[in-house]
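# Observations on the model geometry
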Amino acid sequence: MSGQAKGRIFPVVVISLFCITILAGLFGTLLPSLNYLPVIGYTRISLSAWFDFFSYPGIQTSIFVTLFSGITASFGVVCLAFLFISFSYGNALWKFFEKILAPVLSIPHAAFAIGFGFLIAPSGWLMRMVSPVLTGFTRPPDWIILNDPAGLSLTIALVIKEFPFLIMVTMGALGQLDIKKTLLVGRALGYSKEQIWLKILIPRLYPHLRLSVFAVIAYSLSVVDMAIILGPSSPSSLSVLILKWFNDPDMSFKLLAAAGSLFLFFMVVVSILCACLMERAVLVFLRPWITNGKRCSFVSPLKSIIFFMGCGTLFFTAVSSVILVIWSLTWQWRFPDFLPATWTLKLWAKGLMSSFDPVMTTLFTGLASAFIGLLLAIGCLEHEVAAGKTRTRNYTGYIHYFLYLPLLVPQITFMAGIQFLLVIMNMDGYWISLMVSHLLFVLPYMFIALSATYIAFDERVTDQAMLLKRSYIKVLFRVKLPMLIKPILFSFAIGFSVSVAQYIPTMLVGAGRFSTITTEVVSIASGSDRRAIAVYALIQQCLPMMMYAFAIIFPKILYYNRKGMQV
Amino acid sequence: MSLELNNLSILKQGSTIFDPVNLVIKPGEITTIMGPSGCGKSTLLSAVSGSLDKVFTLKGSILLYGSNMADISMEKRNIGILFQDDLLFPHMDIGSNLAFAIKEKTSRVQKSQIIDKALKTAGLEGFEKRDPSSLSGGQKARISLLRSLLAKPSALLLDEPFSKLDQTLKAKIRLFVFSQIKKMNIPALLVTHDPRDCPEGGMILNLNKEKG
């Protein structure tokens, strides 16, 4: 041993993968934006693509609507999450949230957006529930709810979809604070629980959540699949416009797409900087409020509003799945009727047949990227454990700095760049590059999900096993990993569901040669047959659910007669 | 006549965990409850402070200056607590930690005067801007007591407040705490397993485990 813990290859591979792909992606976008794309004959560096971008008809509206929906959604969801935690931590609603978080999070964005659209559209289920009794409508009203020009429906859908994500990262971070004792101390000083949360605990919690909040901002500004389904259409939000340019048969639009996606990246960077400034400002301005000494209990209307909104997000998530099921089984359904007049399984039969190939691509890509993600995550964590034991350099510690990178740069920006580079190197359209592009987003979530439990594993068990078996590999595969089967399968399911939901990497890196269930769902979402759309959206939603179910059931079957593993 | 426990006992699954307690603590007095760990000392304190876990039920009454505490929530009781951990808020400076305790209708100037004065009594002048984690154990313990007292509690509970301090410090901090309680003239209830923690001349109650 040369003073280095074994397995350092894993963190080195992961960090290089992250750095190289993101830097290459940004570089690959920068060049075409400066008019350099030799494949289609552009070799003279100039700023013309940028001039074209800023003079594109309707571009100001696009930028404005992107900023409006992205910032409103991020700000709204962060406030909602913090207030919700403050008002309901530890109560029955909170415990219910803890239980259903995983299935709620596993719903792909596209499937949710479609279900949500089926609910709120003028001819949607909500309108049918109150028509014609309350509204008098016998035909759908002529309102623009879906694809509204201000992006409101997109904003609301983003809030609903990001809310459980923020609650999940908060639950992870809560373990690092001494909540019970802080509440005791605060209450002994005469403050109500809600006040202690808002004045003491949230300010302490925020530094742990900062990166997740940034990820929410980046996602909300650059979301594509949900924006295609729910967002404004003409002009559409910036990310959708960029994708349109990218896929334009006129190759010169690629330069415009490159400039646009760099501008989107710039918007994300500026928004994140604003979030940092706002954090500072809030800290300064709220200091007098924190120590103003007022003791009051928050039995205000605010509390019920927040409860209502928290439950509302759950309601909409659940009901948008239900409406998908109903539509997928519908044969005939006239407008004001609450339920379909006739039902059928034909659409399912047709949908399952026609979606077979995309589903297979989705499965293979998801399984492969989650499997490689798992190998890398376990390798890195093993290295961290080994480094801890031998008190040597821990390379895995550095991973945390890089883990969030793919989540902070807009997907479309660096995926576009990677695609340009792949085209230049004549390597585009291979399945392996598609799978690696998924891995970039799969790995961070898997690592975050697995690391806490993995590091907390009682190493005395492995030490004992090493004394008996003397083979590291045998001990790892026969003792440690089987004992950790539950968190491992769970992290696998998370990785798989992240891969299933990927839209932009498949569209760009797949170069049109691969279609997954997600790209299919988004492309038929604009169609008119709600029944077919519902079937596809449900297939997309079922894939991750099945993996979660497997992760829950398999350990139970495997260890049905081992009481110590049933926790 | 100020803090009274009348026939106080705590039940868990129908059986009491210690003999009924009868106590009267006058302002400025400190009564000590002794007993081995697990005898229910801390449970008794949480009953008085109002943070009793739901698995327990309370019998008897707790009176503070004549008013029954039974149905009053913890934050409304105006009873301060001092724990063995300092539990200062690590993200605030010392001044903010203390200001957090001061009740409203105090101007900022008044507040900083109050904090200055409090810090002086503890021999910690000029500590307002200090980071809590830069303080020694004894300094933290003193700040923690100051914070509890700045909320002007009507009574103070001490849950083994000295057990984490080292021997030489213990005596000093003890004297400081006891003198402050005297000065505030409030009743105090101390829980400990160390006989040396008891103030001179204070009443001592040994908590007995209920038999059978």
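Refer to the structure presented above.
Every value quoted in this text rests on a predicted model; they were computed, and no experiment measured them.

Moving on, we get to the environment of Ile9(A). Among the secondary structure elements, Ile9(A) is positioned in helix α1 (residues 9–33). Put simply, Ile9(A) and Phe137(A) are 128 residues apart on the chain and 65 Å apart in space, counted from C-alpha to C-alpha.

Moving on to the interface of chain A and chain B. Buried accessible area, meaning the area lost when the parts come together, often serves as the stated size of an interface. Contacts between the two partners involve 23 residues from chain A, matched on the other side by 25 residues from chain B. In total, about 2,200 Å² of surface goes out of reach between chain A and chain B, with carbon and sulfur atoms giving 66% of it. At the junction of chain A and chain B, the tally comes to two salt bridges. The partner of Lys181(A) in a salt bridge is Asp85(B), with the nearest N and O atoms 3.1 Å apart.

All names here are of chain B. Pairing in this open sheet of five strands is parallel, and the strands run β7-β8-β9-β4-β10 from one edge to the other. A single partner strand is all that each edge strand has here, and the edge strands are β7 (79–82) and β10 (204–206). Neighbour-to-neighbour, the strand axes of this sheet turn through a mean angle of 20°, independent of strand direction. Note: strand β4 (residues 30–34) against strand β9 (residues 188–192), five bridges, orientation parallel. Directly across from Met34, in β9, lies its bridge partner Thr192. Against the sheet, helix α6 (residues 167–184) makes contact with β4, β8 (155–159) and β9, and its axis sits at roughly 165° relative to β8, the strand it touches most.

Here the focus is the packing of aromatic side chains. Here a ring pair, both rings aromatic, is described through the centre-centre distance and the interplanar angle of the planes. All names here are of chain A. One pass over the structure, following the stated rule, counts 31 aromatic pairs over all chains. For the pair Phe53 and Phe263, a centre-to-centre distance of 5.5 Å together with 50° between the ring planes defines the contact as tilted. Taken as a pair, Phe53 in helix α2 (residues 48–54) and Phe263 in helix α12 (residues 253–290) lie far apart in primary sequence, 210 residues in all. The pair formed by Phe53 and Phe263 is uniform in burial state, with each residue classed as buried. Centre to centre, the rings of Phe263 and Phe266 are 5.8 Å apart; their planes meet at 35°, and the pair counts as tilted. Of this pair, Phe263 and Phe266 both sit in helix α12, three residues apart, roughly one helical turn. Classification of Phe263 by relative accessible area gives buried; the value is 14%. Clustering of aromatic rings is evident, with ring pairs tying together Trp50, Phe53, Phe54, Tyr56, Trp245, Phe263 and Phe266. Here the basic side chain of Arg128 rests over the ring of Trp333, its NZ or CZ set 4.4 Å away from the ring centre.

All names here are of chain B. The tally for this structure, following the rule as stated, stands at zero disulfides over all chains. Looking at Cys198, it has no disulfide partner, and the nearest cysteine sulfur is the one in Cys39, 13 Å off. A residue is classified by how much of its surface remains accessible, and Cys198, at 16% relative accessible area, is buried.

Before going further, it helps to examine a nonpolar patch on the surface. Taken together, the side chains of Val39(A), Phe364(A), Ile424(A), Met425(A), Met427(A), Tyr430(A), Trp431(A) and Ile432(A) present a nonpolar region at the surface, about 810 Å² in accessible area. In this fold, Met427(A) is placed in the loop between α18 (411–424) and α19 (431–455).

Take the packing of helix α4 (residues 108–121) of chain B against helix α5 (residues 137–150) of chain B next. What describes two packed helices is the angle between their axes and the distance between those same axes. All names here are of chain B. Contact geometry for α4 and α5: axes closest at 10 Å, N-to-C directions at 135°. It follows that α4 is oblique to α5 by the angle criterion. For the crossing formed where α4 meets α5, the hand is right-handed. Side by side, α4 and α5 meet where Ile114, Ala118, Leu119 and Thr121 of the first sit next to Ile143, Leu146 and Leu150 of the second. Counted by class, the contact of α4 with α5 contains six nonpolar, one polar and no charged residues.

Of note, the bond from Ser131(A) into Pro132(A) is cis; its omega dihedral lies within 30 degrees of zero at -10°. You can see Pro132(A) is positioned in the loop between α6 (125–130) and α7 (152–174). Residue Pro235(A) is bonded to the preceding Ser234(A) through a cis peptide linkage, with omega at 0°. Among the secondary structure elements, Pro235(A) is positioned in the loop between α10 (225–230) and α11 (238–246). A positive phi angle, close to 50°, is found at Asn7(B), a residue other than glycine. Mapped onto the elements, Asn7(B) comes out in strand β1 (residues 3–12). A relative accessible area of 47% means that Asn7(B) is categorised as partly exposed. Residues other than glycine seldom take positive phi values, yet Asn185(B) does so here, at roughly 60°. Following the sequence through the fold, Asn185(B) ends up in the loop between α6 and β9. Overall, the relative accessible area of 43% leaves Asn185(B) in the partly exposed class.

For the rest of this paragraph, the subject is helix α20 (residues 459–469) of chain A. All names here are of chain A. For α20, the full list of buried residues reads Glu459, Thr462 and Ala465. Mapping the buried residues of α20 onto a view down its axis gives an arc of 115°, with all of them on the same face. Facing away from the buried side of α20 by over 90 degrees, the exposed positions are Arg460, Leu467 and Leu468. One or two steps after α20, the chain reaches Arg470, where phi turns positive at roughly 65°.

Reading guide: rules and limits
- Here, residues in each chain are numbered from 1, in the same order as that chain's written sequence.
- Working convention: letters from A go to chains and numbers from 1 go to ligands, in the order in which they are written.
- Local features in this predicted model are restricted to residues whose pLDDT is 70 or higher, and side-chain atom pairs enter the listing and the counts only when it is 80 or higher, whereas totals over whole chains, interfaces and linings include all residues.
- For the side-chain quantities, the full set of heavy atoms in the structure was used; hydrogens and water were omitted.
- Put simply, DSSP H or I for four residues or longer makes a helix, DSSP E for two residues or longer makes a strand, and each gets a number counted from the N terminus.
- Any pair of residues with heavy atoms lying within 4.5 Å of one another is described as a contacting pair.
- Simply put, the buried area is the total loss of 1.4 Å probe accessible area from both parts when two parts are fitted together.
- Salt bridges, as used here, are contacts in which a Lys or Arg side-chain nitrogen is within 4 Å of a carboxyl oxygen on Asp or Glu.
- A pair of strands is considered paired only if DSSP assigns at least 2 bridges between the two.
- Fitted lines through C-alpha atoms give the axes, limited to the stretch in contact for helices. The angle between two N-to-C directions lies from 0 to 180 degrees.
- Each Phe, Tyr or Trp ring, with Trp reduced to its six-membered ring, pairs with another whose centre is within 6.5 Å; inter-plane angles below 30 degrees give stacked pairs, above 60 give edge-to-face pairs, and intermediate values give tilted ones.
- The cut-offs for exposure are 20% and 50% of the maximum accessible area for each residue type, with area from a 1.4 Å probe on protein chains only; residues under the lower value are buried, those over the upper are exposed, and the others partly exposed.
- We count a charge as sitting over a ring when the NZ of a lysine or the CZ of an arginine lies within 6 Å of the ring centre and within 35 degrees of the ring normal.
- Disulfides are defined as pairs of cysteine sulfur atoms found within 2.5 Å of each other.
- A residue counts toward a patch only above 30% relative accessible area and without a salt bridge, and it is joined to like-charged neighbours within 9 Å or, for Val, Leu, Ile, Met, Phe, Trp and Tyr, to nonpolar neighbours within 5 Å.
- Each accessible area value is a Shrake-Rupley result obtained with a 1.4 Å probe; residue values ignore everything except the protein chains displayed when judging cover.
- For classification, angles of less than 35 degrees are called roughly parallel, those exceeding 145 degrees roughly antiparallel, those between 65 and 115 degrees roughly perpendicular, and all remaining angles oblique.
- Should the near helix be turned anticlockwise from the far one by less than a right angle, the crossing is left-handed, and should it be turned clockwise, the crossing is right-handed.
- All residues other than Ala, Val, Leu, Ile, Met, Phe, Trp, Tyr, Cys, Pro, Asp, Glu, Lys and Arg, Gly among them, are scored as polar; the first ten of these are nonpolar and the last four charged.
- Directions are taken from the helix axis to each C-beta atom, and the arc is the one they span.

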